[in-house]
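The chain contents come next:
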Amino acid sequence: MDISRRKAPRPKYPLTDSRVILHFDLDCFYAQCVENQQPDLKTLPLGIKQKGILATCNYVARHRGVKKLMLISEAKKICPDLVLVEGEDLSPFRDVSKRLYGLLRSCIWSDKIERLGLDESFLDVTDMITYNLGLLNRHSLPESYFCLSRTDPEMGFVFDATSFAGCVHGRGDDDGSLDDDLDTLRMRLLLASHLAHYLRMRIEDEGYTTACGIATNKLLAKLAGDRHKPRNQTTLLAPTEEAIWSFMDSHNLRKVPGIGAKTARILQAFVSGRQPDDPNIHTMECSVTVQQVRTHSAMSAPVLERLLSGSGSEKGIGGKVWALLHGVDYTEVKPAQNIPTQISIEDTYRGLNEIFEIHRELVSISASLLRRMQIDLLDQEESDPFQPTPRKWLAHPKSVRLTTRPYTHPSENKPYGWARASRSCSLPSFVFNCSPTMENQEVIAEKLVVDVLLPLFRQLNPARRGWSIGLLNVCVTNMTDESVSSGGRDIATMFRQQETVLREFTTYDENTEKSAAPGDAEQVLRNHEEEEAYPGDEDEDDEPWDQEPSPGEPCPRCGHTIPSFALQAHGRYHSMEMEEG
Ligand code: TTP
Ligand code: MG
C-alpha cells in the first residue's frame, strides 16, 4: 500500500486559531416537556409512546434499564410501573423547541446557529470567544468577566478563568508546561466552557436541562457532548492531530454523525473479512470502533470510495468518511433559518378504496397543513387589536407534492420507502388567502383538494378503483423567502380579496358531505394532525403493547431496529429532522 494514499486529511484551520463550536442537546426532550406540564412525573419512570414504541423515556426510566426506541411491551417487562404518556401530538414539543432555540439565538452575536431536529443546536461562538480572550486579565483570572455584548458592558457574567466549567476530555490541566499555541487553544476552549455553562443555566431557568459539547468543529462538539449526559457538559481539548484521532478511535463507528447504518455495515463487513451482503451483517448491531476501521492496514480514502460508492451515494464519499474517521469536519454552522425547508402532513390507513374516502382524508390533511403553514410561515408578531397590522407571509412555498403508497400488512415487512410514489405541481396562490378561522381553512382545503390534489392522485393512481391506499402525504416545498424577495404578501390584502375568492366555491362546499361546521372541522384537525393512525382500529392503537412484538426492521436512515408497525412514526421523526434543520 502506497503510504501517501493513506495520508490523513489535514484540518483546514490551524488548531490554535480554530473555530469554537458548542453543541446543545436537550435531555430526554419529549419526556422533559411532559414533566414540565406534569411535575409529579419527574420522580417516576416515564416513557413517551408513539404507536408501539418509546420515542424517548426520562432518566429515571433509563436507570431502570429502559431505553429509547424500545418496544412498549419490552419496556413494561423491564419496568412494570413505567408511566406512559402519548407523544403523537408534536405541537407542544415544537413550541418548546422554538422557544429555547430563540433564547440561544438571542444570546450569540452571529447568526450561526443551526438546528438539528427539535432538540439539538450547533452554535459558532468564535467571535464571542476571540473578543473575550482579548479582554482577559491574566493577573486576576479568578474574577474574570465574560462580556455578552460588545456595546453594553453591563451585560455579562463573572467567572473563574483558572479552571474549566464542567468536564474536560484531554489535556485540560495547566501544568505550566504548555507552549503558547496550546495555551491559547486551552484558554479559548476554557472561555467557551463558561459560556456554555451560562447558556445551559439560562435554559435551566426555563425548566430544561441539557448536555453540551465544546470543541473546534461540529463533529467533535457533538461527540464530546455525548460523553457526560444528562445535565452536564464536556470540553474536548485535543491540541494535536494524534489527540483528535485518539478521541475518535474510542467511538463505535455508528456513533459518528454522518456514518449511517449502510456505511457502517459495509465497513464492519470489510474489517471483519465478511461480504457486505452477508444477511447476518444486516441485522447485527455495529460492534466495530473507529480505530478498527481507521487503522486497518488496507484502509484509505480511495479504498473507502470504492467500498462505499454505488447507486445513491454521493461523489467523494470516500474522502468524506476518511475525514470523519479522523475527526476532521469542515462544515460550517449554517446561519439561522426563520423558515422550514418544507412542511408535510401525512396519515396512514388500512386501505382506502373509495374516492369519497380519499377526498375526505385529503381535505382533512390539507386543513392541517394550512394550519401548520400559518403557524410556521406567517409573521408571528402580535398585532394591536385597535390598529391591526397586517401579518405577512415570511415565505411562500412554490410547490405542492402528493405522495401515496398502497396499504401493506405489517407482517409483509415492506421497507419504509416501498412503493411510495410522488407527483408535484405549483401551489395555487389561493392557499395564501387562508385566514385563521376554521371555516375558511376547510373551504380552502376543499378547493386545494378538488383543483390540485385529486388530479395529482389520479395521475399517480391511474386505475379507476381498487387502489387500497395505505398512506397519503401532502407536502408544500420549494420555499421562497419573502424577507429577501419582493417584500411579502400581506394577509390583510388577502382578507380583502377573500370574499371574492370564497364566493367561487362556497356553493360547492355546502353540497359536499363534510360541511364546514366549526365543531366538525376542529374534530377533524385534532384527529389527524401529523398523525399516522389507522382509522377504525382504535383497540390496536390504544394498547399496542398487548400485541405480539412484530419482527423489527432496520430504519434505512439511522439503522435502529424498529418494529414494522412503528416505522412510519419513526420515519416522521427523520423527516422532521430535515425540515427543522
Ligand atoms: P434524542 O435527542 O435522540 O433523544 P432524547 O432527547 O429523548 O434523549 P437524550 O437525553 O439521549 O438526548 O431525540 C430528541 C427527541 O426526538 C426525543 O425526545 C424523542 C424524539 N425522537 C423520536 O420521536 N423518534 C426517534 O426515533 C428518535 C431518535 C427521537
Ligand atoms: Mg436530546
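Residues numbered from 1 in each chain as written. Chains lettered and ligands numbered in written order. Predicted model: local features only at pLDDT ≥ 70, side-chain atom pairs only at ≥ 80, totals over all residues. Heavy atoms only, no water.

- For the protein, the name recorded in an unreviewed UniProt entry is UmuC domain-containing protein, with Cladorrhinum samala as its organism.
- Under the Subcellular location (unreviewed entry) heading, UniProt states for the protein: "Mitochondrion". (UniProt positions renumbered as here; feature names shortened; annotations may be inferred.)

**Let's talk about the overall build of the protein**
Okay, so step 1: Helix and strand counts for the protein stand at 19 helices and 17 strands.
Okay, so step 2: A total accessible area of about 26700 Å² is found for the protein, and carbon and sulfur atoms account for 50% of it. (Helix = DSSP H or I, 4+ residues; strand = E, 2+ residues; numbered from the N terminus. Areas by Shrake-Rupley, 256 points an atom, 1.4 Å probe, with all protein chains shown as cover.)

**Points about the site of ligand 1**
Okay, so step 1: In the vicinity of ligand 1, 17 residues are found, and the nearest of them are Cys-28, Thr-56, Tyr-59, Asp-119 and His-570.
Okay, so step 2: Within the side chain of Asp-25, one N or O atom sits 3.3 Å away from an oxygen atom of ligand 1.
Okay, so step 3: Between an oxygen atom of ligand 1 and a main-chain N or O atom of Cys-28, the distance comes to 2.8 Å.
Okay, so step 4: Isolated, ligand 1 exposes 560 Å² of accessible area, and the fraction of that covered by the protein chains is 93%.
Okay, so step 5: Elements with a contribution of two residues or more to the shell around ligand 1: strand E1 (21-26), helix H1 (29-37), strand E3 (53-57), helix H2 (59-63) and helix H19 (567-580).
Okay, so step 6: Across the shell around ligand 1, the residue classes break down as eight nonpolar, three polar and six charged. (Near = heavy atom within 4 Å. Polar contact = N/O pair within 3.5 Å; in protein donor to acceptor, adjacent residues only side chain to side chain. Nonpolar A, V, L, I, M, F, W, Y, C, P; charged D, E, K, R; others polar.)

**Thoughts on the packing of helix H12 (residues 301-308) against helix H13 (residues 317-325)**
Okay, so step 1: The interhelical angle for the contact between H12 and H13, taken along N-to-C directions, is 120°, at an axis separation of 7 Å. By the angle class used here, H12 and H13 are oblique. Our pair here, H12 against H13, has a crossing hand that is right-handed. Contact residues: H12 offers Ala-301, Leu-304, Glu-305 and Leu-308, while H13 offers Ile-317, Gly-318, Gly-319, Val-321, Trp-322 and Leu-325.
Okay, so step 2: When the residues that make up the contact of H12 with H13 are grouped by side-chain class, the tally is seven nonpolar, two polar and one charged. (Axes fitted to C-alpha atoms, helices over the stretch in contact; angles between N-to-C directions. Parallel < 35°, antiparallel > 145°, perpendicular 65-115°, else oblique. Left-handed = near helix turned anticlockwise from the far one by under 90°. Contact = heavy atoms within 4.5 Å.)

**Considerations on the pattern of salt bridges**
Okay, so step 1: Per the stated rule, a full pass over the model turns up 18 salt bridges.
Okay, so step 2: Put simply, Glu-114 and Lys-334 hold a salt bridge, and the shortest N to O gap is 3.6 Å. With Glu-114 in strand E5 (residues 113-116) and Lys-334 in the loop between H13 and strand E12 (343-352), this pair connects stretches of sequence that are 220 residues apart.
Okay, so step 3: The buried category is assigned to Glu-114, whose relative accessible area is 9%.
Okay, so step 4: In this structure, Asp-183 engages Arg-138 in a salt bridge whose closest nitrogen and oxygen atoms are separated by 3.2 Å. Taken together, the residues Asp-183 in helix H6 (residues 180-205) and Arg-138 in the loop between helix H5 (126-135) and strand E7 (144-147) connect sequence positions 45 residues apart.
Okay, so step 5: Several salt bridges converge on common partners, so that one network encompasses Arg-19, Lys-112 and Glu-332. (Salt bridge = Lys/Arg side-chain N within 4 Å of Asp/Glu carboxyl O. Buried < 20%, exposed > 50% of the residue type's maximum accessible area, 1.4 Å probe, protein only.)

**Notes on the coordination of the magnesium ion (ligand 2)**
Okay, so step 1: At the metal site, the magnesium ion (ligand 2) is ligated by Asp-25 (OD), Leu-26 (O) and Asp-119 (OD), and these contacts range over 2.1 to 2.2 Å.
Okay, so step 2: With six donor atoms in place around the magnesium ion (ligand 2) and angles of 81 to 175° between them, the coordination shape is octahedral.
Okay, so step 3: Sequence spacing of the donors to the magnesium ion (ligand 2): D-L-x92-D.
Okay, so step 4: Given a relative accessible area of 10%, Leu-26 falls into the buried group. (Donors = N, O, S within 2.8 Å, 3.2 Å for Na, K, Ca; no water. Tetrahedral: all angles 85-135°; square planar, octahedral: opposite > 155°, others 65-115°.)

**Notes on the side chain of Arg-62**
Okay, so step 1: Within the secondary structure, Arg-62 is located in helix H2.
Okay, so step 2: For the buried Arg-62, no salt bridge is present, and the opposite-charge side chain at shortest range is Asp-27, 7.3 Å distant.
Okay, so step 3: Polar contacts involving the side chain of Arg-62 include one to the side chain of Thr-56, which spans 3.1 Å.
Okay, so step 4: In this structure the side chain of Arg-62 is engaged in a polar contact, spanning 3.1 Å, whose partner is the backbone oxygen of Cys-57. (Lys, Arg positive; Asp, Glu negative; His and termini not counted.)

**Thoughts on the sheet that holds strand E10 (residues 210-215)**
Okay, so step 1: Read across the open sheet, the six strands follow the order E5-E6-E1-E10-E11-E9; overall the sheet is mixed. The sheet terminates laterally at E5 and strand E9 (167-170), the two strands that pair on one side only. Here the average twist between neighbouring strands, direction ignored, is 20°.
Okay, so step 2: The pairing of E10 with strand E11 (residues 232-237) spans four bridges and is classified as parallel. Paired with Ile-214 across the bridge in E11 is Thr-235.
Okay, so step 3: Along the sheet, helix H4 (residues 91-107) contacts E1, E5 and strand E6 (120-124); its crossing angle with E5, the most-contacted strand, is approximately 160°. (Pairing = 2+ DSSP bridges.)

**A closer look at the confidence of the model for the protein**
Okay, so step 1: In this model, the protein carries an average pLDDT of 80, and 74% of its residues clear a pLDDT of 70 or more.
Okay, so step 2: Counting interchain partners and residues more than four positions distant, the pLDDT-below-50 stretch residues 1-5 has six contacts.
Okay, so step 3: Below pLDDT 50 for its whole length, residues 484-551 participates in 127 contacts with residues either more than four positions away or in separate chains. (pLDDT = per-residue confidence, 0-100.)

**Overview of H6**
Okay, so step 1: Its 26 residues place the ends of H6 38 Å apart at the C-alpha level, agreeing with the 38 Å of an ideal helix rising 1.5 Å per residue.
Okay, so step 2: In terms of residue burial, H6 counts as a mostly covered element, since 19 of its 26 residues are buried.
Okay, so step 3: Looking one or two residues past H6, Gly-207 carries a phi angle of roughly 100°, positive in sign. (Expected span 1.5 Å × (residues − 1).)

**As for the sheet that holds strand E13 (residues 395-406)**
Picture the strands of a sheet paired through backbone hydrogen bonds; they go either parallel or antiparallel.
Okay, so step 1: Taking strand neighbours across the sheet as the criterion, the four strands line up as E12-E15-E13-E14 in an open arrangement whose pairing is antiparallel. Two strands in the sheet have a free side with no partner beyond their single neighbour: E12 and strand E14 (421-426). The mean angle between the axes of side-by-side strands here comes to 20°, regardless of whether they run parallel or antiparallel.
Okay, so step 2: Alignment of E13 against E14, held across six bridges, turns out to be antiparallel. Following the sheet pairing, Leu-402 is matched in E14 by Arg-423.
Okay, so step 3: In this fold helix H14 (residues 355-377) packs onto E12, E13 and strand E15 (469-481), with an angle of close to 160° to the strand it touches most, E12.

**A short note on the environment of Val-96**
Okay, so step 1: Along the chain, Val-96 falls in helix H4.
Okay, so step 2: Judged by relative accessible area, which is 9%, Val-96 ranks as buried.
Okay, so step 3: C-alpha separation for the pair Val-96 and Glu-206, spaced 110 residues apart in sequence, amounts to 9.6 Å.
Okay, so step 4: Ignoring any residue separated from it by four or fewer positions in sequence, one finds Val-96 in contact with Phe-29, Cys-33 and Tyr-208.

**Let's talk about the packing of aromatic side chains**
Okay, so step 1: Counting across every chain of the model gives ten aromatic pairs.
Okay, so step 2: An angle of 10° between the planes, with centres 3.9 Å apart, marks the rings of Tyr-30 and Phe-93 as stacked. Taken together, the positions of Tyr-30 in helix H1 and Phe-93 in helix H4 put the pair 63 residues apart, joining distant regions of the chain. As far as burial versus exposure is concerned, Tyr-30 and Phe-93 are alike and both buried.
Okay, so step 3: Centroid distance Trp-393 to Phe-432: 5.2 Å. Interplanar angle 80°. Geometry classified as edge-to-face. Highlighted residues: Trp-393 in the loop between H14 and E13 and Phe-432 in the loop between E14 and helix H15 (438-460), separated in sequence by 39 residues.
Okay, so step 4: For Trp-393, a relative accessible area of 1% corresponds to the buried category.
Okay, so step 5: According to the relative accessible area criterion, Phe-432 is buried, its value standing at 4%.
Okay, so step 6: Members of the aromatic cluster, joined through ring pairs, are Phe-146, Phe-157, Phe-159 and Tyr-198. (Phe/Tyr/Trp six-rings, centres within 6.5 Å; stacked < 30°, edge-to-face > 60°.)

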